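So the chains spell out like this:
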Amino acid sequence: RALCGSSAYGLQSSYSAALEALALEVKYGEHNDGMVAVSSCTLPGASYEGHYSAPFYLAHINHADGTCRVGNGVIKKADRLPCDWLSSAVQNVTETVFV
């Protein structure tokens, strides 16, 4: 299991503007979570999906959002529910990889 973020701005929070500014300064050239490019996060051979029930979750969140500090997204879209994914991951802790 692994979680990767694909939006530097992510969920609306106090981290959003800073991570978006960092991503613009770094110029990743690809989707990123403000700290890590998606290509540096994803595991080779794993198929990532935008749904929180997927073992390999590519969410529209930033790096801070992946820690569940601000909860799930206000709009309950499947690609904006990091806390739901983390809850599911805890049930299978021996299979989880946090990148």
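First things first, this report covers the structure right here in the doc.

Rules behind the numbers
- Residues numbered from 1 in each chain as written.
- Predicted model: local features only at pLDDT ≥ 70, side-chain atom pairs only at ≥ 80, totals over all residues.
- Heavy atoms only, no water.
- Core = buried A, V, L, I, M, F, W, Y, C linked by side-chain atoms within 4.5 Å.
- Buried < 20%, exposed > 50% of the residue type's maximum accessible area, 1.4 Å probe, protein only.
- Helix = DSSP H or I, 4+ residues; strand = E, 2+ residues; numbered from the N terminus.
- Arc of directions from axis to C-beta.
- Patch = residues over 30% accessible without salt bridge, like charges linked within 9 Å, V, L, I, M, F, W, Y side chains within 5 Å.
- Areas by Shrake-Rupley, 256 points an atom, 1.4 Å probe, with all protein chains shown as cover.
- Salt bridge = Lys/Arg side-chain N within 4 Å of Asp/Glu carboxyl O.
- Pairing = 2+ DSSP bridges.

## A look at the nonpolar core
- Within the largest apolar cluster, nine residues are counted, these being Leu3, Leu11, Tyr57, Ala59, Ile61, Leu81, Trp85, Leu86 and Ala89.
- Counting residues per element, the ones that place at least two in this core are strand S2 (56-59) and helix H3 (82-91).
- Among the elements that line this core, the one with the most residues is H3, at three residues.

## Here we look at helix H1 (residues 16-26)
- Where H1 is concerned, the buried positions are Ser16, Leu19 and Ala23. For H1, the angular spread of the buried residues around the axis is 75 degrees, confining them to a single face. Every exposed residue of H1 that faces more than 90 degrees away from the buried side is listed here: Ala17, Ala18, Leu24 and Glu25.
- Positive phi appears at Lys27, one or two residues downstream of H1, with a value of about 55 degrees.

## Comments concerning a nonpolar patch on the surface
- A cluster of nonpolar residues, Leu22, Val26 and Met35, forms a patch on the protein surface that exposes about 240 Å² of accessible area.
- Tracing the backbone through its elements, the reader meets Met35 in the loop between H1 and helix H2 (38-41).

## Points about the pairing of strand S1 (residues 2-5)
- Covered by surrounding structure in S1 are Ala2 and Cys4 together with Leu3 and Gly5, the residues of both alternating faces.
- Here S1 runs beside S2; their pairing, made up of four bridges, is parallel. Within S2, the residue paired with Cys4 across the bridge is Leu58.

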